[in-house]
Amino acid sequence: MAEIGGIGMSKNDFVCVRMFGGFVISYQGTKYNMTQHLNKQPLNLLQYLLLNHEKIVSNEDLYDALWSESKNPKSALKFTIHSLRASLKELFGDDTDWIVSSKGGYRITNQIRFVLDTDLLTEISQKLEGKVELTEKEYKSAMKVMDLYTGHLYMTSSQHFWIMQLAEWYRASFANIVGRICKYLINQGEYERMIKID
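Rules of the game
- Residues numbered from 1 in each chain as written.
- Predicted model: local features only at pLDDT ≥ 70, side-chain atom pairs only at ≥ 80, totals over all residues.
- Heavy atoms only, no water.
- Helix = DSSP H or I, 4+ residues; strand = E, 2+ residues; numbered from the N terminus.
- Buried < 20%, exposed > 50% of the residue type's maximum accessible area, 1.4 Å probe, protein only.
- Contact = heavy atoms within 4.5 Å.
- Areas by Shrake-Rupley, 256 points an atom, 1.4 Å probe, with all protein chains shown as cover.
- Lys, Arg positive; Asp, Glu negative; His and termini not counted.
- Charge placed at Lys NZ, Arg CZ, Asp CG, Glu CD.
- Phe/Tyr/Trp six-rings, centres within 6.5 Å; stacked < 30°, edge-to-face > 60°.
- Pairing = 2+ DSSP bridges.

S.K.: In this structure, what is going on with the overall build of the protein? I would like to understand it.
M.R.: Each helix and strand in the protein was counted, giving seven helices and nine strands. When burial is assessed residue by residue, the protein has 45% of its 198 residues classed as buried. At a minimum sequence separation of 6, the contacts of the protein that also span at least 24 residues come to 61%. As displayed, the protein has an accessible area near 11,100 Å², and 47% of this comes from carbon and sulfur atoms. In the protein, which carries 23 positive and 23 negative side-chain charges, the distance between the mean positions of the two groups comes to 2 Å.

S.K.: Looking at this model, I keep getting lost on the packing of aromatic side chains. Mind explaining?
M.R.: Given two aromatic rings, one states the distance between the centres and the angle between the planes to describe the pair. Within this structure, the stated rule accounts for twelve aromatic pairs. Ring centres of Trp 98 and Phe 114 lie 5.4 Å apart, and the angle between their planes is 80°; on these two criteria the pair is classed as edge-to-face. A residue pair is termed long-range when its members are at least 10 positions apart, and Trp 98 in the loop between helix 3 (73-92) and strand 7 (99-102) and Phe 114 in strand 9 (residues 114-116) qualify at 16 residues. Taken together, the ring pairs connect Phe 20, Tyr 149, Trp 169, Tyr 170 and Phe 174 into an aromatic cluster.

S.K.: Would you mind going over the environment of Asn 176 with me for this structure?
M.R.: The topology assignment puts Asn 176 in helix 6 (residues 161-187). Along the chain, Asn 176 and Ser 125 lie 51 residues apart, while their C-alpha atoms are 8.5 Å from each other.

S.K.: Hey, could you run me through the pairing of strand 5 (residues 30-33) in this one?
M.R.: In summary, the side chains of a regular strand alternate between the two faces of the sheet. Relative to strand 5, strand 4 (residues 24-27) runs antiparallel, the two sharing four bridges. Counterpart to Ser 26 in the pairing with strand 5 is Lys 31. Taking the residues that link successive antiparallel strands as the turn, the strand 4-strand 5 hairpin has two residues, and the phi of Gln 28 there is positive, at about 50°.

The following block contains the structure:
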């Protein structure tokens, strides 16, 4: 069983993606540090597509996010897609094409189930939104964030604006949830447990 944020699943049921504190993909029982396997541009593209894995990402969105300063973003995208597909096929060695072409864009395949730490943090954050005080069940859910958020959202040295905004949103969501956890523990009189939160 593999786990992400306290959720266990059979290792063949999904691809686990951790982007907090690094960029690691767990696939068929093996962990791959993607920074050791991909160059900067394919890594940026993979991250962008994974963060948007539930939809088709238009070519224009990719140009704006990843090649806003390029003189030929169309060529850069085509080259990077080719490079990324080849690297993923070599790395994971299966017949599934992780990057699917669609009219006017690309997407991550829906043939594989992806579980991202970013999605789990977003889900927990949305469930707690507007809650003044946490119930015990909500507190337990909030505590899963402590395992999920192991550092800032992974960024390459290119520091694209979109990723900095997203990283800040996740950081703020994490801080908000930690504040709610502390408030819950204070209300429960569990000061020692609150002090141990790091």
